[in-house]
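# Examination of the molecular architecture
Chain by chain, the residues:
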Amino acid sequence: MPFVKDFTPVAFNDTNLFKPIKVGNTELQTRVVLPPLTRMRATHPGNVPHKEWAAEYYNQRSQAPGTMLITEGTFISPQAGGYDNAPGIWSDEQITEWKKIFAKIHENKSFVWVQLWNLGRQAAPDNLARDDLRYDSATDNLYMDERSKEIAERSNNPQHGITKDEIKQYIKEYVQAAKNALAAGADGVEIHSANGYLLNQFLDPKSNHRIDEYGGSIENRSRFTLEVVDAVVKAVGADKVGVRFSPYGTYGNVSGGAEPLIVAQYAHVIGEIEKRARAGDRLAYIHLVEPSVTDPFLCEGSGEYTDGTNDFVYSIWKGVIIRAGNLALHPEVALEYAKDERTLLAYGRYFIANPDLVNRLKKGLPLNEHNKDLFYAMTTEGYIDYPTYEEAITKGWDEQ
């Protein structure tokens, strides 16, 4: 792949992006973050991080000392999963591989946080049926789309609105997964409450039609996420916990900006997190998916929501904020965001294609183009074969 065409890089060396900042109990040297990037290279059965490739992938992207990496979404339990090639963190075999990955990152003097993932109705219902597992969400038979409904019915695994006891069980699994991550050497965990997955399915009125204390009002829809946050904080400490939200996201058939009260919903849940912070339990960070990316499967620049911003979060939450969303090709936006003293910037697709992205942003070097077709392929190609800038020059990419 050649360098990105018709793009003028900007050097961020003299901006806040390269000022140190404390996140939780880690001292970062750069505010460039590797966000969670599902890569589908884990092995099945077992949802085990790839024993030959995964450590090298994270090693490549942690070479700039003091960089924060957030792992790909990682299942907290078999019931929370449903994709055969995404990793988990419940078994000894999984934890053994994560230890190797975390050790590599720490050898490079960088830091790693594990994103704790629960698919809910975005799981494959037939995979779950094969493994004698439920097809869970907030509400019975409120399917994400017709295809999911068809597969669920064909596999005799209809969508199940989880019970209060099942909610309690999931909370225990979030806690155990967080403990497993820290025991394996991670610096912290990120609770995934974004992108239309289970916790987001509870937050959103389009996917949550419950009539108990977990649905029906903004406060009730926030309850599950807040209970997970409280339980994980109690188990491992607030400075080792972050949470991710996507207020304007529509992926997984959730509301996004079409819901007039969507800002109110997120203002409430984030306000509750700030309330806890002022009482002594300040999370390490809040991670926001920008309205520039409402669906992570769309190409850059597609699906942008232009009638709202995440700026409202700054008036509520007074801790560290990570912003993610099509920033690599829009340095003018990144420069504006980086002016804020408590903001970090996450770069997704172009951190896949540029293992030395931190250095390229610092110096204003051209970027490798990514190969979208290989984002989720079970190959080393498109995973650990992207060159550094120096390697790309030797390949003659600057002349293509």
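See the structure printed just above.
Heads up: these notes are all about the structure in this document. Predicted model only: the values in this text are computed from it and were never measured.

This part is about the overall build of the chain. A count of helices and strands for the chain gives twelve helices and 13 strands. In summary, the chain has a C-alpha radius of gyration of 20 Å against a globular reference of 21 Å for 400 residues, a match within 12%. By principal-axis analysis of the C-alpha atoms, the chain measures approximately 60 × 45 × 40 Å. Here the chain, with 400 residues, has 60% of them falling under the buried criterion.

A separate point is the packing of aromatic side chains. For the structure shown, the criterion picks out 21 aromatic pairs. Here the aromatic rings of Phe3 and Tyr389 are separated by 5.9 Å at their centres, their planes lie at 15°, and the arrangement is stacked. One end of the pair, Phe3, is in the segment before strand 1 (21-23); the other, Tyr389, is in helix 12 (residues 389-394), and 386 residues separate them in sequence. Among the aromatic side chains, those forming a connected cluster through ring pairs are Phe75, Tyr83, Trp117, Tyr197, Tyr251, Phe297, Phe375 and Tyr376. The aromatic ring of Trp317 is capped on one face by Arg282, whose charged end is 4.9 Å from the ring centroid.

Helix-helix packing: each pair is described by the crossing angle between the helix axes and the interaxial distance. In contact at an axis separation of 9 Å, helix 7 (residues 218-236) and helix 8 (residues 262-278) are set at 40° when each is read in the N-to-C sense. If you check the angle between helix 7 and helix 8, you find them oblique. Of the two elements, helix 7 crosses helix 8, and the hand of that crossing is right-handed. Residues Ile218, Glu219, Arg221, Ser222, Thr225, Leu226 and Asp230 of helix 7 pack against Ala264, Gln265, His268, Val269, Glu272, Ile273 and Arg276 of helix 8. Here the residues of the contact of helix 7 with helix 8 are counted per class, giving five nonpolar, four polar and five charged.

With respect to burial, strand 9 (residues 188-192) is a largely interior element, five of its five residues being buried. Neither face of strand 9 is exposed, since Gly188, Glu190 and His192 on one face and Val189 and Ile191 on the opposite face are all buried. In terms of strand pairing, strand 6 (residues 111-117) meets strand 9 through four bridges, oriented parallel. Bridge assignment links Leu116 to a residue of strand 9, and that residue is Ile191. Bridge count between strand 9 and strand 10 (residues 241-245): four bridges; the pairing is parallel. The residue bridging His192 from the neighbouring strand is Arg244, located in strand 10.

Right, let's get into the packing of helix 5 (residues 164-183) against helix 7. Where helix 5 contacts helix 7, the axes come no closer than 9 Å and their chain directions differ by 40°. Here helix 5 runs over helix 7; the crossing is right-handed. Only Phe224, Glu227, Val228, Ala231, Val232, Ala235 and Val236 of helix 7 make contact with helix 5, whose side of the interface consists of Ile167, Tyr170, Ile171, Tyr174, Val175, Ala178 and Lys179. Across the contact of helix 5 with helix 7, the residue classes tally to twelve nonpolar, no polar and two charged.

A separate point is helix 2 (residues 92-107). Structurally, the α-helix is built with 3.6 residues per turn, so residues lying three or four positions apart point the same way. For helix 2, spanning 16 residues, the distance from its first C-alpha to its last is 22 Å, which sits close to the expected 22 Å at 1.5 Å a residue. Buried residues of helix 2: Gln94, Ile95, Glu97, Trp98, Ile101, Phe102 and Ile105, and no others. Considered in projection along helix 2, the buried side chains sweep an arc of 160° and stay on one side of the axis. In helix 2, the exposed residues that point more than 90 degrees away from the buried face are Asp92 and Glu107. Among the residues trailing helix 2, Lys109 stands out with phi positive, at a value near 65°.

It is worth spelling out the pattern of salt bridges at this point. Summed over all chains, the structure comprises 21 salt bridges. Measuring nitrogen to oxygen at the nearest pair gives 2.7 Å for the salt bridge that ties Arg130 to Asp84. Of this pair, Arg130 sits in helix 3 (residues 125-130) while Asp84 sits in the loop between strand 5 (74-75) and helix 2, placing them 46 residues apart in sequence. Measuring nitrogen to oxygen at the nearest pair gives 3.1 Å for the salt bridge that ties Lys100 to Glu97. Taken together, the residues Lys100 and Glu97, both in helix 2 and three residues apart, mark about one turn of the helix. Each member of the salt-bridge network shares a partner with another, and the members are Asp230, Glu272, Lys275 and Arg276.

Below, the discussion takes up the pairing of strand 12 (residues 321-324). Of the two faces of strand 12, the one holding Ile321 and Arg323 and the one holding Ile322 and Ala324 are both buried throughout. Sheet topology places strand 11 (residues 285-289) next to strand 12; four bridges connect them, and they run parallel. Bridge pairing links Ile286 to Ile321 in strand 12. Pairing of strand 12 with strand 13 (residues 343-346) involves four bridges; the strand directions are parallel. Bridge assignment links Arg323 to a residue of strand 13, and that residue is Leu345. On the question of chirality, the crossover connecting strand 12 to the parallel strand 13 by way of helix 9 (residues 331-338) is right-handed.

Definitions and cut-offs
Residues numbered from 1 in each chain as written. Predicted model: local features only at pLDDT ≥ 70, side-chain atom pairs only at ≥ 80, totals over all residues. Heavy atoms only, no water. Helix = DSSP H or I, 4+ residues; strand = E, 2+ residues; numbered from the N terminus. Rg over C-alpha atoms; globule rule 2.2 N^0.38 Å. Buried < 20%, exposed > 50% of the residue type's maximum accessible area, 1.4 Å probe, protein only. Phe/Tyr/Trp six-rings, centres within 6.5 Å; stacked < 30°, edge-to-face > 60°. Lys NZ or Arg CZ within 6 Å of the ring centre and 35° of its normal. Axes fitted to C-alpha atoms, helices over the stretch in contact; angles between N-to-C directions. Parallel < 35°, antiparallel > 145°, perpendicular 65-115°, else oblique. Left-handed = near helix turned anticlockwise from the far one by under 90°. Contact = heavy atoms within 4.5 Å. Nonpolar A, V, L, I, M, F, W, Y, C, P; charged D, E, K, R; others polar. Pairing = 2+ DSSP bridges. Expected span 1.5 Å × (residues − 1). Arc of directions from axis to C-beta. Salt bridge = Lys/Arg side-chain N within 4 Å of Asp/Glu carboxyl O. Right-handed = clockwise from strand over helix to strand, strands pointing away.

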